[in-house]
Amino acid sequence: MKWIKWALAEAGFRTVSMTLQKVIGNISRGLPQVVVSTLVIGAMQCLAASIVLRTKRINPLPGNILVLGSVLFGVGAFVNTVIAFMAYVYGANIAVYTFITLLAIVPGAMIDRVFFSERLIARQYMGIAGAIIAGWLILKTPSLAEVTLLPVWVWLGIANAFGLAVNQGISRRVKNVNPWVKNFWGGLTTFILCLTALAIFGNRWWGEITSPDIVPVLLWSIAISVVVIGIWTFNVIAYRDGGSIPTKHVVVNGTFLTLVTIVGFVIFGDEITTIQFGGMAIYLGAFVLINNEVWTYLAKPSR
């Protein structure tokens, strides 16, 4: 069971990454500095991947389709990263926002059904319904009229959940590509898109991107990049030491959501109500119902 400590480490580093995203969102002056932060993260991702590719002599050009898929993954990563930072610029509750992004399992199931011809069974539809109910509870049971009045960051979280689901679909489509090759092209694409945005809007954003207060944004962005590399590493080691996909998903997601909730309450003073805790519990059940691998593992007679 050595893999558990690595899975817990991955969950811990994911929590640190999410915490630093909120820190950057809190201190940045809006979209211009967010784009600069995303540029740094993309550059660091590309640099780390290129070092590994060179060290292990891995071909970064495995084929046009795999490279194209990796580039599309980078486009998604760029959009999702900017959205995440902007959500915190708009004051997102870290636990609630994290939970909303984890609801990517719902559009993810739909993507599997439409693009990968995976038939959804009654159990999975129950899981989808449970995830929707969990989302309603985590948002404090808003009425239909109140839904239109939800904060901007909630809608950004929903958009991020769909974006993450799309990137999961892309990753599945190019599953045969080496992860470091995908991260190389993904990071490079993110970097190029950020440079393009800065080139287009540079004159309008000049004051924000040259302001002295961008220095801590840059430093925290570098810190996030290092943490993300740690996440990749722990993910690989956990599987190497015997972790299975379903059990690792349960350990990482459950621990991650718990830690983020604690961080939000202790560090940022975010409010979490009993109803919202209930929503998180229902989400974990919905995750088990939707994910076939997790369900099969937990439903084994020996368990």
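Preceding block: the structure.
This text gives an overview of the structure that appears in the document. Here the structure is a predicted model, which is why all the values come from computation and not from measurement.

**Details of the packing of helix α5 (residues 105–115) against helix α8 (residues 152–173)**
Between α5 and α8, the shortest axis-to-axis distance is 8 Å and the interhelical angle comes to 40°. Here α5 is positioned oblique relative to α8, judged by the angle of their axes. Crossing geometry of α5 relative to α8 is assigned as right-handed. In contact with P107, G108, I111, D112 and F115 of α5, α8 contributes A161, F162, A165, V166, G169, R172 and R173.

**A look at the nonpolar core**
The biggest cluster of nonpolar side chains holds 62 residues, and the ones touching the most others in it are Y97, F99, I105, W153, L198, M280 and Y283. In terms of residue count, the dominant contributor to this core is helix α3 (residues 64–89) (eight residues). Apart from residues no more than four positions distant in its own chain, F99 is found in contact with A134, G135, I138, L257, G279, M280 and Y283. In terms of nonpolar packing, the next biggest core, distinct from the first, is built from 13 residues, C46, V52, W180 and W185 among them.

**Observations concerning the pattern of salt bridges**
Applying the stated criterion across every chain, the model contains seven salt bridges. For R172, the salt bridge is made with D112, and the minimal N-O distance between the two is 3.0 Å. Note that R172 is positioned in helix α8 and D112 in helix α5, a separation of 60 residues in sequence. A relative accessible area of 30% means that R172 is categorised as partly exposed. Among the salt bridges present, the one from E118 reaches R172, with a minimum N-O distance of 2.5 Å. Note that E118 is positioned in the loop between α5 and α6 (122–138) and R172 in helix α8, a separation of 54 residues in sequence. Through salt bridges that share partners, E10, R14 and K248 make up one connected network.

**Points about the environment of L259**
Checked against the element boundaries, L259 lands in helix α11 (residues 245–266). When sequence neighbours within four positions are dropped, the list of residues in contact with L259 reads A11, G12 and T15.

**Focus: helix α2 (residues 31–56)**
With 26 residues, α2 should cover 38 Å at 1.5 Å per step; its first-to-last C-alpha distance of 37 Å lies within 8% of that length. The first or second residue beyond α2 is R57, which carries a positive phi of 55°.

**Points about unusual backbone geometry**
Phi is positive for K140, which is not a glycine, with a value near 70°. Position of K140 relative to the elements: it lies in the loop between α6 and α7 (144–147). Judged by relative accessible area, which is 40%, K140 ranks as partly exposed. Phi angles above zero are rare outside glycine, and T141 is one such case at about 50°.

**Some words on a nonpolar patch on the surface**
Residues L259, I262, F265, V266 and I267 make up a contiguous nonpolar surface patch of roughly 500 Å² in combined accessible area. In this structure, I262 sits in helix α11.

Calculation notes
Residues numbered from 1 in each chain as written. Predicted model: local features only at pLDDT ≥ 70, side-chain atom pairs only at ≥ 80, totals over all residues. Heavy atoms only, no water. Axes fitted to C-alpha atoms, helices over the stretch in contact; angles between N-to-C directions. Helix = DSSP H or I, 4+ residues; strand = E, 2+ residues; numbered from the N terminus. Parallel < 35°, antiparallel > 145°, perpendicular 65-115°, else oblique. Left-handed = near helix turned anticlockwise from the far one by under 90°. Contact = heavy atoms within 4.5 Å. Core = buried A, V, L, I, M, F, W, Y, C linked by side-chain atoms within 4.5 Å. Buried < 20%, exposed > 50% of the residue type's maximum accessible area, 1.4 Å probe, protein only. Salt bridge = Lys/Arg side-chain N within 4 Å of Asp/Glu carboxyl O. Expected span 1.5 Å × (residues − 1). Patch = residues over 30% accessible without salt bridge, like charges linked within 9 Å, V, L, I, M, F, W, Y side chains within 5 Å. Areas by Shrake-Rupley, 256 points an atom, 1.4 Å probe, with all protein chains shown as cover.

Function cannot be read off these values alone, since they describe shape.
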